[in-house]
Amino acid sequence: MKVEAAALPHTDIIAALHAACFEDPWTSESISGLLATPGTAGWIASLEGGGEGQEEPVGFLLVRAAAGEAEILSIGVVPAARGQRVASRLIDAAVEQLQASALFLDVAADNRAALKLYEREGFEVVGRRQAYYKRASGQQVDSLTMKRLLG
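Note that the coordinates shown come from a computational prediction; the quantities given were computed from them, not determined experimentally.

Enquirer: Break down the nonpolar core for me, with residues and values.
Expert: Counting 42 residues, the largest nonpolar core has Leu61 and Tyr118 as its most contacted members. For this core, the element with the most residues is helix H3 (residues 86-97), which contributes 6 residues.

Enquirer: Requested: an account of the pairing of strand E2 (residues 40-48), with residues and values cited.
Expert: Counting buried positions over the 9 residues of E2 gives 7, a clear majority of the element. Alignment of strand E1 (residues 2-6) against E2, held across 5 bridges, turns out to be antiparallel. Residue valine 3 lies in a different strand from E2, and its bridge partner there is alanine 45. Pairing of E2 with strand E3 (residues 55-66) involves 9 bridges; the strand directions are antiparallel. Bridge pairing in E3 links leucine 47 to glutamate 56.

Enquirer: Let's hear about the environment of alanine 109: which residues, and what values?
Expert: Within the secondary structure layout, alanine 109 lies in the loop between strand E5 (102-108) and helix H4 (112-120). Given the relative accessible area of 24%, alanine 109 is considered partly exposed. For the pair alanine 109 and valine 141, spaced 32 residues apart in sequence, the C-alpha separation works out to 6.7 Å.

Enquirer: Tell me about the sheet that holds strand E7 (residues 140-149), residues and numbers included.
Expert: Taking strand neighbours across the sheet as the criterion, the 7 strands line up as E1-E2-E3-E4-E5-E7-E6 in an open arrangement whose pairing is mixed. Two strands bound the open sheet, and with one partner strand each, they are E1 and strand E6 (124-134). Ignoring which end each strand starts from, the neighbouring axes of this sheet average 25° apart. One ladder, built from 3 bridges, connects strand E4 (residues 69-77) with E5; its direction is parallel.

Enquirer: Provide a residue-level description of the packing of H3 against H4, including the pertinent values.
Expert: Two elements in contact, H3 and H4, have axes separated by 11 Å at closest approach and are oriented at 45°. Overall, the two elements H3 and H4 adopt an arrangement that is oblique. Remark: the crossing between H3 and H4 carries right-handed chirality. Residue-level contacts link Ala87, Ser88 and Ile91 of H3 to Leu117, Tyr118 and Arg120 of H4. For the contact of H3 with H4, the residue count by class is 4 nonpolar, 1 polar and 1 charged.

Enquirer: Let's hear about unusual backbone geometry: which residues, and what values?
Expert: Phi at arginine 85 is positive, roughly 65°, even though this residue is not glycine. Tracing the backbone through its elements, the reader meets arginine 85 in the loop between E4 and H3. Despite not being glycine, alanine 131 has its phi angle at roughly 50°, a positive value. Position of alanine 131 among the secondary structure elements: in strand E6.

Enquirer: Hey, could you go over the pairing of E7 for me, with residue numbers and the actual values?
Expert: Within E7, 7 of the 10 residues are buried, leaving the element largely enclosed by the surrounding structure. As defined by bridge partners, E5 adjoins E7 across 7 bridges and the pair is classed as antiparallel. Across the sheet, alanine 102 pairs through a bridge with leucine 149, a residue of E7. Relative to E7, E6 is paired through 7 bridges, and the arrangement is antiparallel. By the bridge assignment, lysine 134 is partnered in E7 with glutamine 140. What sits between the antiparallel neighbours E6 and E7 is a turn of 5 residues, in which glycine 138 has the positive phi angle 100°.

The rules behind each value
- Residues numbered from 1 in each chain as written.
- Predicted model: local features only at pLDDT ≥ 70, side-chain atom pairs only at ≥ 80, totals over all residues.
- Heavy atoms only, no water.
- Core = buried A, V, L, I, M, F, W, Y, C linked by side-chain atoms within 4.5 Å.
- Buried < 20%, exposed > 50% of the residue type's maximum accessible area, 1.4 Å probe, protein only.
- Helix = DSSP H or I, 4+ residues; strand = E, 2+ residues; numbered from the N terminus.
- Pairing = 2+ DSSP bridges.
- Axes fitted to C-alpha atoms, helices over the stretch in contact; angles between N-to-C directions.
- Parallel < 35°, antiparallel > 145°, perpendicular 65-115°, else oblique.
- Left-handed = near helix turned anticlockwise from the far one by under 90°.
- Contact = heavy atoms within 4.5 Å.
- Nonpolar A, V, L, I, M, F, W, Y, C, P; charged D, E, K, R; others polar.

Here you go:
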């Protein structure tokens, strides 16, 4: 697995990955705007693909840092690559590069797989936002705010 820093030329790749992971995908324009914002960074994970030596992007992480803290804005792994520690490697890459004392994220309260991952990665629940997410079906789901101390 290869994890590399993302930059503006990776915008379309991240948008395609986001669309493969979420019901309400972010556009290339919104991702480009984020990556152009000071304090925002991203990483892309790739696995060896079909051809010899070819790598296929399978996951991404976007983070924003400010005032000594950082927040995961979005993280996703395509369904076919889940269970291969891709998300863990992305989080590790971010933690290694961030100059922050804490890393925060929000996750849907009913996303058991993500909650298990984040707990394994050292995150703890520090808050709840009522009806924060709205699903395509119209269902509203609470968000759990999680925090991991760094350094």
